[in-house]
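Residues per chain are reported as follows:
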Amino acid sequence: MASPANEGKGLLLKADPIAATYRDEVKTTLTQCMRPPKLVGILATSSAPSRSYAEFTKKQCAELGFEFVLKETGAAASPDLGEGEGVEEAIIEANEDETVHGIMDHYLQQIVSPFKDVEGLHVKFHYNLYHNIRFIKPDSLLSSVPPIPPMVTALESDQPPAGTVKSIIPCTPLAIVKCLEYVRVYNSILPYGDRAYGKIITVINRSEVVGRPLAALLSNDGARVFSVDIDSIQEYTKRPRVTNSTESEAVRRYHPRHVVRPSNLTLQECLAQSDVVVSAVPSATYKIKTEWLKDGCVCVNVSSEKNFEKDVREKVFIPRFP
């Protein structure tokens, strides 16, 4: 709620109070473990941002109670070695090490065992995400046959049925969903799997790491999503475009997973009707015009750069999730 001094201005919400709940949950869960889970991060580049991220992860793991080991190889270990050199060998070694519970690597994700992939970047988890498969049997990770997608998407609960576990989702898209749940974009009264129904969301930048999986997650949760990239705009939705009176109610209400279609709308037209705008453009010069935004919309800046204009708080509610 705005203070008298900021009356009429949007609220700037940082991620810390949202993350606190999940951090406490992790700490509580770790107290029940026989020993701290061991996470191995593999750094094979001389990139300063990559090293900064690795050091940040190490610090966070220490605070939460994980054992974190940073394995440096390639250009990270020596200027005489090439970028990415030795990554495959390091991953295989960690895969075979029974004391290692999780692996973080951004070079060769498909070599990481799906049983140790903590980032949800393995092809099996990507398949599940895009096919709206939320719960899996652990032994399915050993099979070369993809799981069968569900016939309906509204489930009784977000708790895995007996004998199953949640399929891992990429961390940044999932964090954005959790933030939108926190600010009540999601409607908890609606069935699980359809709680974003009725919301229109624009996601700018269709990267494979954030933008595209986020658009899929949101549309599988019921939202109508406009995915904006440099050369195209796509619409993600699980609502059928045309209904047929002879179809059953379940079929008529939604597809089992999102469908992607090209959109003829402009960015300005997308923004004018969007309840939420998520921007993840890694450019200091890219700015979303405040005048194009719908009054009262939620704006989420995922980029390390400020993608919204300075006066954005005059018009919207803007969580900031660095």
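Residues numbered from 1 in each chain as written. Predicted model: local features only at pLDDT ≥ 70, side-chain atom pairs only at ≥ 80, totals over all residues. Heavy atoms only, no water.

**Student:** Just give me the short version of the overall build of the protein, but keep the residues and values in it.
**Tutor:** Broken down by element type, the protein carries eight helices and 13 strands. Classification of the 322 residues of the protein by burial places 41% in the buried group. In the protein, the proportion of contacts linking residues at least 24 apart, taken out of those at least 6 apart, comes to 55%. Entry remark: accessible area of the protein is about 17600 Å², with carbon and sulfur atoms responsible for 56%. (Helix = DSSP H or I, 4+ residues; strand = E, 2+ residues; numbered from the N terminus. Buried < 20%, exposed > 50% of the residue type's maximum accessible area, 1.4 Å probe, protein only. Contact = heavy atoms within 4.5 Å. Areas by Shrake-Rupley, 256 points an atom, 1.4 Å probe, with all protein chains shown as cover.)

**Student:** Mind laying out the nonpolar core, listing which residues take part and the relevant values?
**Tutor:** Residues L180, L218, V225 and V278 are the most contacted members of the largest nonpolar core, which totals 29 residues. Broken down by element, the residue count for this core peaks at five residues, all from helix α6 (residues 211-220). The residues touching L218, leaving out its near neighbours within four places in the chain, are V177, L180, Y186, A196, I201, V203, A223 and V225. (Core = buried A, V, L, I, M, F, W, Y, C linked by side-chain atoms within 4.5 Å.)

**Student:** Describe the packing of helix α1 (residues 16-30) against helix α5 (residues 171-182), and please don't skip the residues or the numbers.
**Tutor:** The geometry of α1 relative to α5 is characterised by a closest axis approach of 10 Å and an angle of 105° between their N-to-C directions. Overall, the two elements α1 and α5 adopt an arrangement that is roughly perpendicular. For the pair α1 and α5, the contacting residues are P17, I18 and Y22 in the first and K178, C179, E181 and Y182 in the second. Of the residues that constitute the contact of α1 with α5, the class distribution is five nonpolar, no polar and two charged. (Axes fitted to C-alpha atoms, helices over the stretch in contact; angles between N-to-C directions. Parallel < 35°, antiparallel > 145°, perpendicular 65-115°, else oblique. Nonpolar A, V, L, I, M, F, W, Y, C, P; charged D, E, K, R; others polar.)

**Student:** Quick one: what's the story with the pattern of salt bridges, residue by residue and with numbers?
**Tutor:** Evaluated as defined, the whole model comprises eight salt bridges. A salt bridge links R23 to E63; the nearest nitrogen and oxygen atoms lie 3.1 Å apart. Note that R23 is positioned in helix α1 and E63 in helix α2 (residues 48-64), a separation of 40 residues in sequence. Judged by its relative accessible area of 23%, R23 falls in the partly exposed class. Taking the relative accessible area as the measure of exposure, E63 reaches 40% and is therefore partly exposed. The partner of K178 in a salt bridge is E181, with the nearest N and O atoms 3.7 Å apart. Here E181 and K178 lie together in helix α5, a separation of three residues that amounts to about one turn. Classification of K178 by relative accessible area gives partly exposed; the value is 27%. (Salt bridge = Lys/Arg side-chain N within 4 Å of Asp/Glu carboxyl O.)

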